[in-house]
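If you want the building blocks of each chain, they are given just below.
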Amino acid sequence: MNDPGSTVPSATRRLPADAAGLAEAAALLRAGRLVAFPTETVYGLGADATDPAAVTGIFAAKARPRFNPLISHLPDAVAALAEGVFDAPARRLAEAFWPGPLTLVVPAHTGTRVCDLVRAGLPSLALRVPAHPLARDLLAEVGRPVAAPSANWSGRVSPTRAAHVLDDLAGRISAVLDGGDTPVGVESTVVACLGGPPRLLRPGGITRAALRDVLGLDPAAPEAADADRPAGPGMLASHYAPRARVRLDAVRVEPGEAALLFGPRPPAGHETARASLNLSPAGDPAEAAARLFGALRDLDASGAETIAVAPIPEDGLGEAIRDRLARAAAPR
Ligand code: TXA
Ligand code: MG
């Protein structure tokens, strides 16, 4: 692994979710260091979005390709509105869902403080106002936009607790602010508002139905991206990948497989699986989303070569869950 830079100490500190931990996390970010922090979706790997050297550290620490732009996080909608140009649909979405698990891709304001590297050279900018109280307090204390991708090794499963962050990035980042388990469990919904119809770039914590209610129409599909330059890392075919192979819509669990189950009637053979976890015995997609990434990590740790995934319906957060699982199952 590459040394991400001299500003990164060899030991990563775990900071408590109290005033002292927040103050330390904010001071580190303001000094150009990398700090992972909880949001309501997943843990983010934060850096001062106005500081190109700090942002370079993000790409190095998680081995992320430089062409993949990052989301800038702000403490409130007023601060976010100052960084971009919001058309009418963008304003409606911001009003309806911020703070919350929605990212808006809008044209960058000419006066934006966010550096070019965060945007990967694009004229647009991804903005998000998280709802997690620790994230909001941290962002308010930093007083600058904070760039943050999910705090995992690039291409792997996103982290929903501090221990996941340390599993992937210990020794590569300065600290992780430990806020316990993240409640939503899948990343934010990404919607582009760039003048034309709003486009859904990534399903996530805000459902398609909720977007439709606010917009009065279904969000459009992303414009076709060319192979060299995907719309973003979440759009890469293979992503969110555990070590094990992932087999979707399994109606039977084969001997030796690990099983990821959903709902009250698990597929045949699950009793003799090498390991099995039910995302929601009651069949609740929100509960399943909250458990998804932790379950993939735990089943991977069982050593099984294949994780068989029971069918999960598309409704509500099911769309985001199925999207992540499809990428986890894609050829690598
Ligand atoms: O919930 C989340 O969104 C988490 C937390 C930490 O906020 N963050 C996250 O970041 O998932 P990341 O880097 O793993 O995913 C960023 C997504 C990419 O899939 C990319 O499509 C999109 O944001 N994105 C960022 N900037 C963009 C831009 N200018 N144009 C299009 N898409 C962009
Ligand atoms: Mg990610």
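Reading guide: rules and limits
Residues numbered from 1 in each chain as written. Chains lettered and ligands numbered in written order. Predicted model: local features only at pLDDT ≥ 70, side-chain atom pairs only at ≥ 80, totals over all residues. Heavy atoms only, no water. UniProt positions renumbered as here; feature names shortened; annotations may be inferred. Helix = DSSP H or I, 4+ residues; strand = E, 2+ residues; numbered from the N terminus. Near = heavy atom within 4 Å. Polar contact = N/O pair within 3.5 Å; in protein donor to acceptor, adjacent residues only side chain to side chain. Areas by Shrake-Rupley, 256 points an atom, 1.4 Å probe, with all protein chains shown as cover. Nonpolar A, V, L, I, M, F, W, Y, C, P; charged D, E, K, R; others polar. Core = buried A, V, L, I, M, F, W, Y, C linked by side-chain atoms within 4.5 Å. Buried < 20%, exposed > 50% of the residue type's maximum accessible area, 1.4 Å probe, protein only. Contact = heavy atoms within 4.5 Å. Pairing = 2+ DSSP bridges. Axes fitted to C-alpha atoms, helices over the stretch in contact; angles between N-to-C directions. Domains from an automatic or database assignment. Buried area = accessible area lost by both parts, 1.4 Å probe. Salt bridge = Lys/Arg side-chain N within 4 Å of Asp/Glu carboxyl O.

**Topic: the UniProt feature "domain: YrdC-like" (unreviewed entry) in the protein chain**
Then step 1. Mapped onto this numbering, the UniProt entry gives "domain: YrdC-like" (unreviewed entry) at residues 19-206.
Then step 2. Secondary structure content for residues 19-206 is 31% helix and 20% strand, while the C-alpha to C-alpha distance between its ends is 30 Å.

**A word on the site of ligand 1**
Then step 1. By nearness alone, 24 residues border ligand 1, and Thr-41, His-73, Arg-128, Ser-188 and Arg-202 come closest of all.
Then step 2. His-73 places a polar side-chain atom, nitrogen or oxygen, 2.7 Å from an oxygen atom of ligand 1.
Then step 3. Take Ser-150: an N or O atom from its side chain is 3.2 Å from an oxygen atom of ligand 1.
Then step 4. Calculation on ligand 1 without its partners gives an accessible area of 670 Å², and the protein chains cover 97% of this total.
Then step 5. Among the secondary structure elements, those contributing two or more residues to the shell around ligand 1 are strand 4 (71-73), strand 6 (124-128) and strand 10 (199-202).
Then step 6. Considering every element that reaches the shell around ligand 1, the biggest residue donor is strand 6, with three residues.
Then step 7. When grouped by side-chain class, the residues that make up the shell around ligand 1 number 12 nonpolar, eight polar and four charged.

**Details of the nonpolar core**
Then step 1. Within the largest apolar cluster, 45 residues are counted, with the highest numbers of intra-cluster contacts made by Leu-93, Trp-98, Leu-102 and Leu-104.
Then step 2. Contributions of two or more residues to this core are made by strand 3 (43-48), helix 2 (52-61), helix 3 (77-81), helix 4 (88-97), strand 5 (102-107), strand 6, helix 7 (162-169) and helix 8 (208-215).
Then step 3. The contacts of Trp-98, once residues within four sequence positions are left out, are Ala-77, Ala-80, Phe-86, Leu-93, Leu-104, Leu-127, Arg-128 and Val-129.
Then step 4. Core analysis: the second largest hydrophobic core is formed by 27 residues, Val-157, Val-246, Ala-288 and Leu-325 among them.

**Topic: the sheet that holds strand 13 (residues 275-278)**
Then step 1. Read from one edge of the open sheet, four strands run 11-14-12-13, paired in parallel fashion. Bordering the open sheet on either side are strand 11 (245-247) and strand 13, each of which pairs with just one other strand. The mean inter-strand angle of the sheet, taken between neighbouring strand axes irrespective of direction, is 20°.
Then step 2. Bridging between strand 12 (residues 258-261) and strand 13 involves four bridges; their strand directions are parallel.

**Quick look at the domain arrangement of the protein chain**
Then step 1. What the domain assignment reports for the protein chain is domain 1 (13-215) and domain 2 (245-329).
Then step 2. Measuring from the centre of the C-alpha atoms in domain 1 to the corresponding centre in domain 2 gives 27 Å.
Then step 3. Tallying the contact residues gives 23 residues for domain 1 and 14 residues for domain 2.
Then step 4. Summed over both sides, the interface of domain 1 with domain 2 buries roughly 1,400 Å², with 56% coming from carbon and sulfur.
Then step 5. Inspection of the region where domain 1 meets domain 2 yields three salt bridges.
Then step 6. With a closest N to O distance of 3.2 Å, Asp-168 and Arg-297 form a salt bridge.
Then step 7. Where domain 1 meets domain 2, there are six residue pairs in polar contact (both at pLDDT 80 or more).

**Looking at the pairing of strand 5**
Looking along a regular strand, one sees side chains alternate from face to face of the sheet.
Then step 1. In terms of burial, strand 5 is largely enclosed, as five of its six residues are buried.
Then step 2. Pairing of strand 5 with strand 9 (residues 189-192) involves four bridges; the strand directions are parallel. Within strand 9, the position partnered with Leu-102 by the bridge is Thr-189.
Then step 3. Of the strand pairs in this sheet, strand 5 and strand 6 are connected by five bridges, and their pairing is antiparallel. Looking across to strand 6, one finds that Pro-107 is bridged to Ser-124.

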